[in-house]
Amino acid sequence: MKKIVKSGPASAELADVPEPATTVPEYWADACKHLVKKDRVMKRLIPQFGDACLQARGDAFGTLARSIVGQQISVKAAQSVWAKFSALPKKVTPGNVLRLKVDDMRAAGLSARKVEYLVDLAIHFDAGTVHVKDWESMDDEAIIAELVAIRGIGRWTAEMFLIFYLMRPNVLPLDDVGLITGISQNYFSGESVSRSDAREVAAAWAPYCSVATWYIWRSLDPLPVLGTPAGTEQI
């Protein structure tokens, strides 16, 4: 479902972070054809962004660790803390994180709670209680159930992980503020939108809700979404 493409850093702020390759979903072109045919708003939005599409980087553990670091702080602050934290071990792996000293993690800018979350994440990966090798064959809800069992990871973060790391094509993150705002602006002239309203709109998007959601985010922020948009847990 993915293809690898070489890519440079996403921005100047990330220039010191090694990003040797990105993955893009092979279903993207088919999804765009489907959405343009089925939905009037998508027919208008998709051509505005040319060849831009969802891209994912990194590994599963690092992606989730970075999501925890970034919770409830600004993107700029998250980048700063991550740079300091990720420099502590030779490589951000479960085993290496478990060997870090709490004081060193706190000195990198992590709160006591985030240290606990990162340790719990590392324990789950190190013990094999998350079945990373089986995710390809597992359905979305089964993966979400594994992830939300980890301290510091809620459903929104798990759904962002499904979209941006596993690149699942049909995720509809109804807890995402940006998605609800975008549906309100694009489909309801700015009027308040309920989860039921959002589901009704998204019925035409299936089986490519992830792709439609990405374009809704783009309608609010035209810059390419290479990581994840801001949200309640800020993955």
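For the structure itself, consult the block above.
Since we're looking at a predicted model, the values are computed, not measured.

1. Let's talk about the pattern of salt bridges
- Applying the stated criterion across every chain, the model contains five salt bridges.
- Each member of the salt-bridge network shares a partner with another, and the members are E141, R155 and E159.

2. Quick notes on the side chain of S184
- Structurally, S184 is set in helix 10 (residues 177–187).
- Not counting chain neighbours up to four residues away, the residues in contact with S184 comprise S189, G190, E191, S192 and V193.

3. Looking at the packing of aromatic side chains
- This model, assessed by the stated rule, comprises 12 aromatic pairs.
- Look at W28 and Y215: their rings are 5.8 Å apart centre to centre, the planes differ by 40 degrees, and that puts the pair in the tilted class. In this pair, W28 is assigned in helix 1 (residues 28–38) and Y215 in helix 12 (residues 209–220), connecting sequence segments 187 residues apart.
- Here W28 falls in the buried class, since its relative accessible area comes to 7%.
- Take Y215: its relative accessible area is 1%, and that puts it in the buried class.
- Judged by centre distance (6.3 Å) and plane angle (55 degrees), the rings of Y187 and W205 are tilted. With Y187 in helix 10 and W205 in the loop between helix 11 (195–202) and helix 12, this residue pair connects regions lying 18 residues apart in the sequence.
- Given the relative accessible area of 0%, W205 is considered buried.
- Among the aromatic residues, ring-to-ring pairing joins F61, F125, W135, F161 and Y165 into one connected group.

The rules behind the values
- Residues numbered from 1 in each chain as written.
- Predicted model: local features only at pLDDT ≥ 70, side-chain atom pairs only at ≥ 80, totals over all residues.
- Heavy atoms only, no water.
- Salt bridge = Lys/Arg side-chain N within 4 Å of Asp/Glu carboxyl O.
- Helix = DSSP H or I, 4+ residues; strand = E, 2+ residues; numbered from the N terminus.
- Contact = heavy atoms within 4.5 Å.
- Phe/Tyr/Trp six-rings, centres within 6.5 Å; stacked < 30°, edge-to-face > 60°.
- Buried < 20%, exposed > 50% of the residue type's maximum accessible area, 1.4 Å probe, protein only.

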